[in-house]
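Working through the structure, step by step
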Amino acid sequence: IKLDGAADAVERAKHLFDIDDPMLFLQGTRDELASLELLHPLMQRLGERATLALFDDADHSFHVRARSGRNDAQTLIAMVDATAGWMQTLVNAG
């Protein structure tokens, strides 16, 4: 069965609703493989257990263009910081 983009995304995300643990999604704003138009509604449906961290100008591999004023290493550091901050909120809540 060939699905369109939205239907395919819903199908690929079905398993996420079986997860009760907190989830962190790291997403580049230029990611052509995971549309923000589809990801935002998914985050809303998953509720508080899902956190979305966006990385400006990053693609699916978290590569940023030179004209963004940042480089890939800076983006990776931002990703690590976002992950550590998210983990700290879990520890503090626990």
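To start, this report covers the structure provided alongside it. Quantities reported herein were computed from a predicted structural model and do not represent experimental measurements. (Residues numbered from 1 in each chain as written. Predicted model: local features only at pLDDT ≥ 70, side-chain atom pairs only at ≥ 80, totals over all residues. Heavy atoms only, no water.)

Right, let's get into the pairing of strand S1 (residues 23-28). Across six bridges, the pairing between S1 and strand S2 (residues 50-55) is parallel. If you follow leucine 26 over to S2, its bridge partner there is alanine 53. A crossover links S1 with its parallel partner S2, the connecting element being helix H2 (residues 36-46), and its sense is right-handed. (Pairing = 2+ DSSP bridges. Helix = DSSP H or I, 4+ residues; strand = E, 2+ residues; numbered from the N terminus. Right-handed = clockwise from strand over helix to strand, strands pointing away.)

Enumeration over the complete set of coordinates arrives at one aromatic pair. When the ring of phenylalanine 55 is compared with that of phenylalanine 62, the centres are 6.2 Å apart and the planes differ by 85°; the resulting orientation is edge-to-face. Given a relative accessible area of 7%, phenylalanine 55 falls into the buried group. (Phe/Tyr/Trp six-rings, centres within 6.5 Å; stacked < 30°, edge-to-face > 60°. Buried < 20%, exposed > 50% of the residue type's maximum accessible area, 1.4 Å probe, protein only.)

On to the environment of phenylalanine 25, then. For phenylalanine 25, the location among the structural elements is in strand S1. Separated by 14 residues in the primary sequence, phenylalanine 25 and leucine 39 place their C-alpha atoms 9.5 Å from one another. Not counting residues within four places of it along the chain, the set of residues in contact with phenylalanine 25 comprises Leu16, Met43, Leu46, Ala50, Thr51, Leu52 and Ala53. (Contact = heavy atoms within 4.5 Å.)

Turning next to the nonpolar core. One finds Ala13, Leu16, Met23, Phe25, Leu39, Leu42, Met43, Leu46 and Ala50 forming the largest nonpolar core, which totals nine residues. When residues in this core are grouped by element, the largest group, four residues, is from H2. Those residues in contact with leucine 39, other than ones at most four positions away along the chain, are Gln27 and Leu52. (Core = buried A, V, L, I, M, F, W, Y, C linked by side-chain atoms within 4.5 Å.)

Turning our attention to helix H3 (residues 72-93). Over its 22 residues, H3 extends 32 Å from the first C-alpha to the last, a length consistent with the 32 Å expected when each residue adds 1.5 Å. Within the span of H3, buried status applies to Thr75, Met79 and Trp86. Buried residues of H3, viewed axially, fall in a sector of 45°; they line one side. Exposed residues pointing more than 90 degrees away from the buried face of H3 are listed as Ile77, Val80, Val91 and Asn92. Elements in contact with the buried residues of H3: S1 and S2. (Expected span 1.5 Å × (residues − 1). Arc of directions from axis to C-beta.)

By the secondary structure assignment, threonine 75 is in helix H3. Residue class for threonine 75 comes out buried when judged on its relative accessible area of 1%. Polar side-chain contacts of threonine 75 include one of 3.4 Å to the side chain of arginine 70. Discounting chain neighbours no more than four positions away, the residues touching threonine 75 are Phe55, Ala58, Phe62, Val64 and Arg70. (Polar contact = N/O pair within 3.5 Å; in protein donor to acceptor, adjacent residues only side chain to side chain.)

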